[in-house]
There are 4 protein chains.
Amino acid sequence: MKPQRGWDTPASPTEAQAHGSADELTRYYVSVREQSAQLCEPLEIEDFGVQPMADASPPKWHLAHTTWFFETFILREFVPGYAVFHPKFEYLFNSYYNGVGEPYPRPRRGYLSRPTVAEVMAYREHVDQHMQELLDSADAEDVQARTVLGLHHEQQHQELLLTDLKYNFGNNPLYPAYGGSCADAGESPAALTFTTFDGGIVAVGHNTADGFAFDNELPRHEVLLQPFLLADRLVTNSEFLDFVDDGGYERADLWLSEGWSTVQAAGWQAPLYWVHEDGQWCEYRLDGLHPLQGNLPVVHVSAHEAFAYATWAGLRLPTEFEWEHASNVAVEPGSFVEDGVYHPQAARGSGLGQMFGDVWEWTSSSYGPYPGYAPLPGTLGEYNGKFMSSQLVLRGGSTATPGSHIRASYRNFFYPPDRWQFSGIRLAKHIE
Amino acid sequence: MKPQRGWDTPASPTEAQAHGSADELTRYYVSVREQSAQLCEPLEIEDFGVQPMADASPPKWHLAHTTWFFETFILREFVPGYAVFHPKFEYLFNSYYNGVGEPYPRPRRGYLSRPTVAEVMAYREHVDQHMQELLDSADAEDVQARTVLGLHHEQQHQELLLTDLKYNFGNNPLYPAYGGSCADAGESPAALTFTTFDGGIVAVGHNTADGFAFDNELPRHEVLLQPFLLADRLVTNSEFLDFVDDGGYERADLWLSEGWSTVQAAGWQAPLYWVHEDGQWCEYRLDGLHPLQGNLPVVHVSAHEAFAYATWAGLRLPTEFEWEHASNVAVEPGSFVEDGVYHPQAARGSGLGQMFGDVWEWTSSSYGPYPGYAPLPGTLGEYNGKFMSSQLVLRGGSTATPGSHIRASYRNFFYPPDRWQFSGIRLAKHIE
Amino acid sequence: MKPQRGWDTPASPTEAQAHGSADELTRYYVSVREQSAQLCEPLEIEDFGVQPMADASPPKWHLAHTTWFFETFILREFVPGYAVFHPKFEYLFNSYYNGVGEPYPRPRRGYLSRPTVAEVMAYREHVDQHMQELLDSADAEDVQARTVLGLHHEQQHQELLLTDLKYNFGNNPLYPAYGGSCADAGESPAALTFTTFDGGIVAVGHNTADGFAFDNELPRHEVLLQPFLLADRLVTNSEFLDFVDDGGYERADLWLSEGWSTVQAAGWQAPLYWVHEDGQWCEYRLDGLHPLQGNLPVVHVSAHEAFAYATWAGLRLPTEFEWEHASNVAVEPGSFVEDGVYHPQAARGSGLGQMFGDVWEWTSSSYGPYPGYAPLPGTLGEYNGKFMSSQLVLRGGSTATPGSHIRASYRNFFYPPDRWQFSGIRLAKHIE
Amino acid sequence: MKPQRGWDTPASPTEAQAHGSADELTRYYVSVREQSAQLCEPLEIEDFGVQPMADASPPKWHLAHTTWFFETFILREFVPGYAVFHPKFEYLFNSYYNGVGEPYPRPRRGYLSRPTVAEVMAYREHVDQHMQELLDSADAEDVQARTVLGLHHEQQHQELLLTDLKYNFGNNPLYPAYGGSCADAGESPAALTFTTFDGGIVAVGHNTADGFAFDNELPRHEVLLQPFLLADRLVTNSEFLDFVDDGGYERADLWLSEGWSTVQAAGWQAPLYWVHEDGQWCEYRLDGLHPLQGNLPVVHVSAHEAFAYATWAGLRLPTEFEWEHASNVAVEPGSFVEDGVYHPQAARGSGLGQMFGDVWEWTSSSYGPYPGYAPLPGTLGEYNGKFMSSQLVLRGGSTATPGSHIRASYRNFFYPPDRWQFSGIRLAKHIE
């Protein structure tokens, strides 16, 4: 299944690159870059600078850092005599590339009232102009490959910009709305059904003939799966509420040891944006604070909560390879960022649904290298490989993911206690 | 000596109240409130929201909190049927008054991108309008007294707004300038001279006949002083640099135990805004980063650094009562915020100079209650009294203090390691 | 009043030194050193090594450190060719003297299973033998003065050994008993009476003609006191229980801001060793866990609790100079360590009682230098002076203090939240 | 290959249980329990109570906790009317079983000077007596199975007792020796050779017909391996020293991101017990501090160091299934605890050596459940399953492991930064 939704742009960067058309790549460059700016349209100037926790960077930082990526890895390397926009931006907007020098400390990104939003926008224009000139003139495969990488990088930060902004708004007692809307389809989700998979030797990982992928999706290789069942839809709010009401957050026996420690230390009693007000559960969504809608997918749960829920339900989470193998028979996807709803939607239809979009699905697989994995050469090798410890893989993209950005082999990764991403739960079951 | 500099307003709030003129009080109200707005004129919208450390609140918060003070302690109590501007502001902009309920957590003030600056300005206008109506109509002494208190409170926050903003700008690698300027008067300060005081029984504390004072300056009472010498000017940058160059930050024997622990834990090597760049010492001032000017007063040192310097120099810090007694013979004051220089200036002339303005002067006196001290009744009793532990008294006001706000009996107080205020060093000596 | 109780030794070290008798000093040396060993008799080997918090050193460490003091400051300086007992002990048993090199980290004292107790006892014997040889042969005033200092130092650590051991036992769910006993004298304390003092100029600090004192008690000087009342006895458990039952630990308005933060962060609900078991309050004492005895003095309260109690009672704590001045008319003292009860006893008789012994009494005075204070020369100057920040003075000694160690001018000092010392409350009142 | 070395006991618990002989089980019970006491023979009483970090429990605690395990899960469940030795031991010596109630806080285990060592030994005798009576009388398979589990549990704690004691001694500046000895076999290790494996579908996990295994080794199942090479011996000190000398601890590009953060935060510059003294590298071993022996295996490295070393060497760590599959052709094992050397020995001979014993070998596999994994029922289900997050699997046992305790399917697990276990490095390589 091809997860992408319709775009008003001619092609994804992968296809543009595959077709070798510099013109298409330029158009795609412009399109993705504009998408970042469009996502910021509902913001006030004040919203651009806030970093409500170390992991949630300010929108302004995302806008600057994605620009820094093009400047650092393309313009400075491939444009002779290129003059940087500002000499200190190399330091200020480096995220974590030790090969480019000591980055500005992550927890301090929210302290940078300067450069202003206007200055960051000027930075973007400066780099865009030089990038377009370069794309027009250069046929070099390196430039094109890095441009495509830079655009996928920017798409990742578009999603982060939304999740980080949501963390800001969702923790502000005023609960400001960003936008989107969320139709409700009744309280009762359909009974949970499962699709059966036989197991056996299957191929996983990206097929390089299919265009762009990150290095962590390679090389494609074979794995052996046991037979398993995979749920046809995501766990819903009303199902998760049953877990809450059954004392799920008070029962140590349901949790991994680290999860239980986190529950106690952080005082978790419900998913991240659930708010108990005036005797009822509400949920902060990007369209504001609303009464909890039972048939929407539960979202913003950590892997620990996903694990505890699955244990309580007598089931388990899928492995990343079970998920990837199953995605071959996925039916209609859920929402993507282009849909403008900014919240996962209720399941529809039958068959293996919601595999792409709506929520990132926690798997039980730790994030590690595939057999024969080789990171990109040079400093860009820091992009993915150095994070292969202590994290878990999530699959499928979310309502905040650009539809053109996701694919079956795509591996997202976060720490088990993380829950500010649009992360949810799909259940699986071992077949004896 | 009267420390005040010229104002374009008719009188200080103290005098306005003393004269019993509602009209004057209103004019003073308007004047002080406008001063807050004027101090923000050089700011970009982005600068209003930043809280670069827990103690350094965002400018927007200062603007809202001072307004909250009038709304909470005057309008809500004295205007029947007064409708608050926003129901959640009582919570959001409460600083530390437990009597008004649990305050919004201090370290999270910088996460509030909403309300916007425009909304906070509207809040100010709303409250100003109601305050002026009340002042026009009410003769109640309570209302007038609390209004005067509120204006002194606002003046305190004007200074904090500047020091907090300086902490933001001074830690931004771009070192943005706020404004002001700082003339240099040559490298070499005049040799240090001292004024001699005989000691004996002297009266300290505020004389209630002289108008407004905070509760912590009362009651006026007698203390017994030993004979002492007090330096006629502040310690300068070049003098402090001698201490640095002599290994002052590496010699445990010069420091109090807590100070030495702080030096090691924080890695202090110089005063807060000294930056070693390209082989020379620079200092960040509100007019930008400049080479260190030797004859300017050293500023932004902690009490621990002041103590270590004094020990190194074979001298000591004065007690708060020595300082207060000596201030009776003070000559020309230093700079105040109305001077618009925003940085302490070089000493001029002879005699006991710079006692008021330029820098807050650390004393060796812990901040405690005077004999018979009684805090204000009710929730306003939390204003000063509950902070009487572990802090030291500073005296005299600084270049960021409104000149109409300071007086000889005024007691400022900070923790010994604090150094983001305009705090400096005046030396004293025991006479055998 | 002379606070000392009867000893089986001829004289206090102070008097021994004053009389210039080397023989008496030697006898006193032996006596004090033996007292340390006697205090350890009830201990099991396992008890010697435990450090239940950073501030509570293991008994073994106290035994070694006090020995290190004699070796470092006397034997190594005054005995030519003296061979240290072990080359690494200089490092291991240095408490905080930077002049002797980097001390072994305080929080790790409990990790030193070696040297064993037997080895530490051999260390003591080694040093005692050399000390006695030196005292027999030397008339040097330096040696005698440092020996007397070392003996007072050892007496301080005898008290700490007991309080640190109590913290260990009192936090062990088995509540082991050390020894002592605690007669109860009925539930109801006598009604609280006060002694009146007129104020005026009084002399405070040690009179050097009276023998030994620490440098922080000097120089004797005059201060001006306002008239005041001082309570004739300590606050009792039953009186403090009234405060607890009245919600004292839940009312922010009774506490200093730092105290309230501590209450919330540490979850304080009662004094340190009060344990609520089976529906009643018990108190861990060195003779075990027992039902709370109402007429015993409340003990193991922080200065914050003392302040909050006094505020609740409409009274205040005395200053250290009020206390010292009042001690001139003190009647019968309370218990000292020689009494072997190891817990403060109920008040007896009339007049200003319990001023010495029973509990250290929190004052409202911060610990600072007297006018003209000069620390001891050299490394021994680190003994007292460098701690003169953020601490409060306590006066009078406790049930764990050797009676020969205390005097009217004696200044003990701890941080406001500390409560593992035998610290209690005496109330005072301002007279208008 | 059978990794066990010679024992003076008739059979391993697994075999005893397999043979169904109660008599053999009793003899094995006695043998294992005695082994714990024997390991403590070199200790002084003072050594039994020290907990030098939260993870390193005191020897006394290990002796009591293993006893608690038999009392809690066997005697209390299977002996009607059994009277516990002490009512508070259930709480004091519970490690992490929430099903038995809130455990005594782990970081406070070192604060329990009571019960004494003698009391703990009496506890052991009490439980041993009742266990032997039960084993004599009961044929119940439950009792036997839990006894075997309890003995394997005790063997695990025997190893931990040694590693925790080593952490204590190795961080004591006196570097006390425990025992053992370590023959050196010359400076130069043999050149590194590899054994080739073809990959394909292989079975992993424990075969239940072969006797005891922990639940985490089950169920046996098939996995698909790619072809790979596995090093025939462990990485040596001299090889690791090359990494150190090549700036291995200063090059961010060699490390996983978490590893690099740990290096910087903890200041790592070499493996845990390497000490640079007098210009040369020494290593603390259980036989004391000695000059580093180049041909001994490097030990006490974290997974991060193992990963960085492998990256530097252009190789990688094996997966746990590669390791398990390869172990089928392992030749002579290294040292086990029964050998009494207490330190890994130099490689000998040719072929795939040192797979069992000497050091635990870090794998790149995260510790997770096998397909169809089911924890033990009830509270014992907390034994292994709840730790299946964020940890990595180590294989093969160490010089501190009882030889009868290890097997090819055995999965040990620790966090990537942990290095106080006897953990080392075996290299692997992908074959294209």
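Placed above this text is the structure.
In this text, all values refer to a predicted model and were calculated from it rather than measured experimentally.

A. Fine view of the sheet that holds strand 7 (residues 288–291) of chain D. Residue and element names in this part refer to chain D. The three strands are arranged 5-6-7 in an open sheet whose pairing can be described as antiparallel. The open sheet has two edge strands with one neighbour each: strand 5 (274–277) and strand 7. The average undirected angle you get between the axes of adjacent strands in this sheet is 35°. Pairing of strand 5 with strand 6 (residues 280–285), which is carried by four bridges, proceeds in the antiparallel orientation. Across the sheet, Trp274 pairs through a bridge with Glu283, a residue of strand 6. Here helix 7 (residues 237–245) sits on the sheet in contact with strand 5 and strand 6, set at roughly 65° to strand 5.

B. Just the environment of Leu43 of chain D, in detail. Residues and elements named next belong to chain D. Its location among the elements puts Leu43 in the loop between helix 2 (22–39) and helix 3 (59–78). Accessibility expressed as a relative area gives 10% for Leu43, which makes it buried. Placed 288 residues apart in sequence, Leu43 and Val331 show a C-alpha to C-alpha distance of 35 Å. Once residues within four sequence positions are removed from consideration, Leu43 is found in contact with Phe48, Pro59, Leu165 and Tyr178.

C. Geometry of the relation of the copies chain D and chain C. For these two chains of identical sequence, chain D goes onto chain C by a turn of 180° and a shift of 0.0 Å along the axis, with RMSD 0.0 Å. Put plainly, the chains are arranged around a two-fold axis. For chain D, the minimum C-alpha distance to the rotation axis belongs to Glu46 of chain D and amounts to 3.0 Å. Comparing contact sets, 100% of the residues at the interface of chain D also lie at the interface in chain C, consistent with an isologous, same-surface contact.

D. Representation of the relation of the copies chain A and chain B in the model. For the pair chain A and chain B, the relating rotation is 180°, the translation along its axis is 0.0 Å, and the fit reaches an RMSD of 0.0 Å. A shared interface surface links the copies, since 100% of the contact residues of chain A are contact residues in chain B too.

E. Just the interface of chain A and chain B, in detail. Taken residue by residue, the interface counts 32 residues in chain A and 32 residues in chain B. Among the residues of chain A in contact with chain B, Glu46, Arg114 and Leu174 of chain A are the three that bury the most area, contributing 27% of the side total. Counting the contacts that link chain A with chain B gives two salt bridges. Between Asp47 of chain B and Arg114 of chain A there is a salt bridge; the shortest N-O distance is 2.6 Å.

F. View of helix 2 (residues 22–39) of chain B. Its 18 residues give helix 2 of chain B an end-to-end C-alpha distance of 26 Å, which sits within 8% of 26 Å, the value for a rise of 1.5 Å per residue. Taken residue by residue, helix 2 of chain B has Leu25, Thr26, Tyr28, Tyr29, Ser31, Val32, Arg33, Gln35, Ser36 and Leu39 of chain B as its buried positions.

G. Focus on the packing of aromatic side chains. Taken as a whole, this structure holds 151 aromatic pairs over all chains when the rule is applied. Taking 5.1 Å as the distance between ring centres and 80° as the angle between the ring planes, the aromatic pair formed by Phe212 of chain B and Phe214 of chain B counts as edge-to-face. Residue Phe212 of chain B is classed as buried on the basis of its relative accessible area of 10%. Under the relative-accessibility criterion, Phe214 of chain B is labelled buried at 4%. One cation-aromatic arrangement involves Arg109 of chain A over Trp61 of chain A; the distance from NZ or CZ to the ring centre is 3.6 Å.

H. Just the interface of chain D and chain C, in detail. With 32 residues of chain D in contact, the opposing surface of chain C contributes 32 residues. The contact between chain D and chain C buries some 2500 Å² in all, and 57% of this surface belongs to carbon and sulfur atoms. Of all residues in chain D, the largest losses of buried area upon contact with chain C belong to Glu46, Arg114 and Leu174 of chain D, amounting jointly to 27% of the total for that side. Put simply, the parts of the chain that give the side of chain D that touches chain C at least two residues each are helix 4 (89–92), helix 5 (117–137) and helix 6 (141–170) of chain D. Partitioning the side of chain D that touches chain C into residue classes produces 17 nonpolar, eight polar and seven charged.

Definitions and cut-offs
- Residues numbered from 1 in each chain as written.
- Chains lettered and ligands numbered in written order.
- Predicted model: local features only at pLDDT ≥ 70, side-chain atom pairs only at ≥ 80, totals over all residues.
- Heavy atoms only, no water.
- Pairing = 2+ DSSP bridges.
- Helix = DSSP H or I, 4+ residues; strand = E, 2+ residues; numbered from the N terminus.
- Axes fitted to C-alpha atoms, helices over the stretch in contact; angles between N-to-C directions.
- Contact = heavy atoms within 4.5 Å.
- Buried < 20%, exposed > 50% of the residue type's maximum accessible area, 1.4 Å probe, protein only.
- Least-squares fit on C-alpha atoms with pLDDT ≥ 70 in both.
- Buried area = accessible area lost by both parts, 1.4 Å probe.
- Salt bridge = Lys/Arg side-chain N within 4 Å of Asp/Glu carboxyl O.
- Expected span 1.5 Å × (residues − 1).
- Phe/Tyr/Trp six-rings, centres within 6.5 Å; stacked < 30°, edge-to-face > 60°.
- Lys NZ or Arg CZ within 6 Å of the ring centre and 35° of its normal.
- Nonpolar A, V, L, I, M, F, W, Y, C, P; charged D, E, K, R; others polar.

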